[in-house]
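These are the residues of each chain, in order.
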Amino acid sequence: MLRAVVIDDIEKIRKENIAIIKATCPSISIIGQAESVASGVKLIKQLTPDLVFLDVEMSDGTGFDLLQKLSPINFKVIFITGYEDFAIRAFRFSAIDYLLKPLDSKELLDAVKKAEDSLSKEFFDMKLHNLFTNLERPKNLQNLVLKTADKIYSVNIQDIINCESDKNYTTFYFINAPKLVVSTNLKEYETLLSPYNFFRTHKSHLINMAYFDHFIKSEGGNTIVMKNKSSIPLSVRKKEEFLVLLDSL
């Protein structure tokens, strides 16, 4: 069983979350609870849990403040937040699990399973480092965690030229690095990367407009050529949207 603590500054919500965790996750043993950053740090040092359910915003600081007061971090973390927009993109870029209040049983089960299946402490350390980096940096310097079959990478999204999908796999192509293949579908990355000047040209292709070079119109189909000379198809359905985008650049 995973030994867990719950840290939230609102007693009613803390008790409700504990009740849901106990009812939903028989593999979790709740061994303690705390109501602030200060008491949370003390509790974790005292009990050394395997897993911490951590509120994002508390009366004396944030869950991030709590983690930065603990070194090394020898436990897994699932963040809980009532603010749907608060740091959510940073969580997703960093492959860090989070849950929205009120807790949903299915989402809770999924997050706990991921915590149980986590490959290593080193993997979590990388994800956490990425999270802190993403919270501190401006949008155009976001880092993205990519997990291949045998390694974990932290990449700067501005180094990505394009992404290509093959069913449930996505291949990333970079400006000065070998390609990476991850077992996540392209839709997930379209959602993450679209706000950062990426465009879905085709059901199987997502490009970084920073590396767009020119556009070829032909009878055989429309083709986008990137600065690395790679050719990307542009679907008929996406052509008008793409031309509007070009006009705005």
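Cut-offs applied
- Residues numbered from 1 in each chain as written.
- Predicted model: local features only at pLDDT ≥ 70, side-chain atom pairs only at ≥ 80, totals over all residues.
- Heavy atoms only, no water.
- Phe/Tyr/Trp six-rings, centres within 6.5 Å; stacked < 30°, edge-to-face > 60°.
- Buried < 20%, exposed > 50% of the residue type's maximum accessible area, 1.4 Å probe, protein only.
- Helix = DSSP H or I, 4+ residues; strand = E, 2+ residues; numbered from the N terminus.
- 1 Å grid on protein atoms, 1.4 Å probe; cavity = no way out; pocket = protein on both sides within 12 Å on 5 of 7 lines; lining within 4 Å.
- Points joined across faces, edges and corners; volume = space filled by probe spheres on them.
- Nonpolar A, V, L, I, M, F, W, Y, C, P; charged D, E, K, R; others polar.
- Pairing = 2+ DSSP bridges.
- Axes fitted to C-alpha atoms, helices over the stretch in contact; angles between N-to-C directions.
- Core = buried A, V, L, I, M, F, W, Y, C linked by side-chain atoms within 4.5 Å.
- Contact = heavy atoms within 4.5 Å.

Draft legend 1. Structural view of the packing of aromatic side chains. Counted under the stated rule, the structure contains 10 aromatic pairs. Ring centres of Phe 91 and Tyr 98 lie 5.4 Å apart, and the angle between their planes is 20°; on these two criteria the pair is classed as stacked. On the basis of relative accessible area, Tyr 98 is assigned to the partly exposed category, the value being 25%. Judged by centre distance (5.8 Å) and plane angle (65°), the rings of Phe 215 and Phe 242 are edge-to-face. You can see Phe 215 sitting in strand E15 (residues 212–216) and its partner Phe 242 sitting in helix H8 (residues 236–248), a full 27 residues away along the chain.

Draft legend 2. Geometry of the layout of surface pockets. Counted as a void, the largest pocket has a volume near 1,100 Å³. If you go around the largest pocket, you meet 35 residues; those closest to its centre are Ala 95, Ile 96, Asp 97, Lys 114 and Glu 188. Among the secondary structure elements, those contributing two or more residues to the lining of the largest pocket are helix H4 (88–93), strand E7 (98–100), helix H5 (105–117), helix H6 (121–136), strand E8 (143–147), strand E12 (180–182) and helix H7 (186–193). Of all the elements, H5 adds the most residues to the lining of the largest pocket, at 6 residues. Looking at side-chain class alone, the lining of the largest pocket contains 20 nonpolar, 4 polar and 11 charged residues.

Draft legend 3. Inspection of the sheet that holds E15 at higher detail. In spatial order, the strands read E15-E16-E17; together these 3 strands make up an open sheet with antiparallel pairing. The open sheet is flanked by E15 and strand E17 (231–234), the only strands paired with a single partner. Going across the sheet, the axis of each strand differs from the next one's by a mean of 30°, ignoring polarity. Pairing geometry for strand E16 (residues 222–226) and E17, over 4 bridges, is antiparallel.

Draft legend 4. Representation of the nonpolar core within the structure. One finds Ile 7, Leu 54, Leu 66, Leu 67, Phe 79 and Phe 91 to be the most contacted residues of the largest nonpolar core, which totals 28 residues. Elements with a minimum of two residues in this core: strand E1 (2–7), helix H2 (37–47), strand E3 (51–55), helix H3 (63–68), strand E6 (76–81), H4 and H6. Other than its neighbours up to four places away in sequence, Leu 66 contacts Ile 7, Ser 36, Val 37, Gly 40, Val 41, Ile 44 and Leu 54.

Without other data, these values stay purely geometric and don't point to any function.
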